[in-house]
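One-letter residues, chain by chain:
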Amino acid sequence: VTLFKDNAILPSHITNNTALVSYILLAIAAPIGGLLTITVVSLTFGNYEYKHATAVMFALYSIATVIANCIPYASSYYYFIAFTLGYFVLCSAIVPMIKGICIANVTPSLKGIAFSFVSLYTNIGIVCSSYLYGIIHEHNKKDKPTFAMNVLVKIMILGVIFALLSMIFKCCNYKRTL
């Protein structure tokens, strides 16, 4: 709820209880929306071994980054909720997609190790981003309350760059195997 109170524009008619209910609904709706999104993507484009799976991941990640960059600039509480929901839904779809792509591209004997590394790096990223947000927010909450959120969403651009590089590498590697 702190994220909502510090970053969202809370009109006088939005109470802390309303912010808490919004947060709970986001926490429930986002994973469900992510599962539905990844199901539709898998049924439409194929599974993680599909040659264009990294391109689909890159597109979803790019859209998520654009939406995330809108969150700190939301002009009302309702826009904040809408952008946050869109971002959470896409991230809930992207994380299993990244794991699936990584695991699908290794030999069967290395799949267990690959899954462990992907899970480890995902969890390290989640912990580090929360810690980074907390440090930046504590130092800037009086002057610039949305500065910490801005930093985190700008860092996402690195993820888009790495997704683009993985897409290029996958396409080049795919052409070599033909």
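Residues numbered from 1 in each chain as written. Predicted model: local features only at pLDDT ≥ 70, side-chain atom pairs only at ≥ 80, totals over all residues. Heavy atoms only, no water.

1. What to know about the overall build of the protein chain
- Across its full length, the protein chain carries six helices and zero strands.
- Along the protein chain, helices (α) and strands (β) appear in the sequence α-α-α-α-α-α when read from the amino end.
- For the protein chain, the proportion of its 178 residues judged to be buried stands at 33%.
- Of the contacts formed within the protein chain by residues at least 6 apart in sequence, a portion of 68% connects residues at least 24 apart.
- Carbon together with sulfur atoms contributes 73% to the accessible area of the protein chain, which is approximately 10700 Å² in total. (Helix = DSSP H or I, 4+ residues; strand = E, 2+ residues; numbered from the N terminus. Buried < 20%, exposed > 50% of the residue type's maximum accessible area, 1.4 Å probe, protein only. Contact = heavy atoms within 4.5 Å. Areas by Shrake-Rupley, 256 points an atom, 1.4 Å probe, with all protein chains shown as cover.)

2. Section: the nonpolar core
- Among the nonpolar cores identified, the biggest contains 33 residues, and Leu60, Tyr87, Leu90, Ile94 and Met97 are the most heavily contacted of them.
- Those elements that provide at least two residues to this core are α2 (16–45), α3 (53–70), α4 (77–104), α5 (111–140) and α6 (147–177).
- With nine residues, the single largest contributor to this core is α4. (Core = buried A, V, L, I, M, F, W, Y, C linked by side-chain atoms within 4.5 Å.)

3. Things to note about the side chain of Asn150
- Take Asn150: it is sitting in helix α6.
- The exposure class of Asn150 is buried, given its relative accessible area of 14%.
- Residue contacts for Asn150: discarding those within four places in its chain leaves Pro72 and Tyr73.

4. Section: α3
- Look at α3: 26 Å from first C-alpha to last across 18 residues, which is about the 26 Å you get at 1.5 Å a residue.
- Ala53, Thr54, Val56, Met57, Leu60, Tyr61, Ser62, Ala64, Thr65, Ile67, Ala68 and Asn69 are the residues of α3 that are buried. (Expected span 1.5 Å × (residues − 1).)

5. A short note on a nonpolar patch on the surface
- On the surface, a cluster of nonpolar side chains totalling about 780 Å² of accessible area is made up of Leu132, Ile155, Ile157, Leu158, Ile161, Phe162, Leu164, Leu165 and Ile168.
- The element contributing the most residues to the nonpolar patch is α6, with eight residues. (Patch = residues over 30% accessible without salt bridge, like charges linked within 9 Å, V, L, I, M, F, W, Y side chains within 5 Å. Salt bridge = Lys/Arg side-chain N within 4 Å of Asp/Glu carboxyl O.)

6. Here we look at the side chain of Thr54
- For Thr54, the location among the structural elements is in helix α3.
- Judged by relative accessible area, which is 5%, Thr54 ranks as buried.
- Not counting residues within four places of it along the chain, the set of residues in contact with Thr54 comprises Ile101, Ser166, Met167 and Lys170.

7. Focus on the environment of Leu25
- Positionally, Leu25 belongs in helix α2.
- You can call Leu25 exposed: its relative accessible area is 53%.
- Through-space distance from the C-alpha of Leu25 to that of Leu85 is 9.4 Å; in sequence the pair is 60 residues apart.

8. Quick word on the packing of α2 against α4
- The N-to-C vectors of α2 and α4 enclose an angle of 40°; their axes lie 7 Å apart at closest approach. In terms of orientation, α2 and α4 fall into the oblique class. At the point where α2 passes α4, the crossing takes the right-handed sense. Counting all contacts with α2, which are made through Thr18, Ala19, Ser22, Leu26, Ala29, Ala30, Pro31, Gly33, Gly34, Thr37, Ile38 and Val41, the residues of α4 involved are Tyr77, Ile81, Thr84, Leu85, Phe88, Val89, Ser92, Ala93 and Met97. (Axes fitted to C-alpha atoms, helices over the stretch in contact; angles between N-to-C directions. Parallel < 35°, antiparallel > 145°, perpendicular 65-115°, else oblique. Left-handed = near helix turned anticlockwise from the far one by under 90°.)

9. Comments concerning the confidence of the model for the protein chain
- With 90% of its residues at a pLDDT of at least 70, the protein chain reaches an overall mean of 82.
- For the protein chain, helix α1 (residues 2–7) is the element with the lowest average pLDDT, namely 52, and α3 is the one with the highest, namely 89. (pLDDT = per-residue confidence, 0-100.)

10. Considering the packing of aromatic side chains
- For the structure on display, the rule yields four aromatic pairs.
- Between Tyr87 and Phe88 the ring centres are 5.9 Å apart and the planes differ by 45°, which places this aromatic pair in the tilted class. (Phe/Tyr/Trp six-rings, centres within 6.5 Å; stacked < 30°, edge-to-face > 60°.)

11. Some remarks on the packing of α4 against α5
- Here α4 crosses α5 at 150°, and the two axes come no closer than 9 Å. Considering the angle they form, α4 stands roughly antiparallel to α5. With respect to the hand of their crossing, α4 and α5 are arranged in right-handed fashion. Between α4 and α5, the contacting residues are Val95, Lys99, Cys102, Ile103 and Ala104 on the first element and Lys111, Ala114, Phe115, Val118, Ser119 and Thr122 on the second.
- Its residues assigned to classes, the contact of α4 with α5 comprises seven nonpolar, two polar and two charged. (Nonpolar A, V, L, I, M, F, W, Y, C, P; charged D, E, K, R; others polar.)

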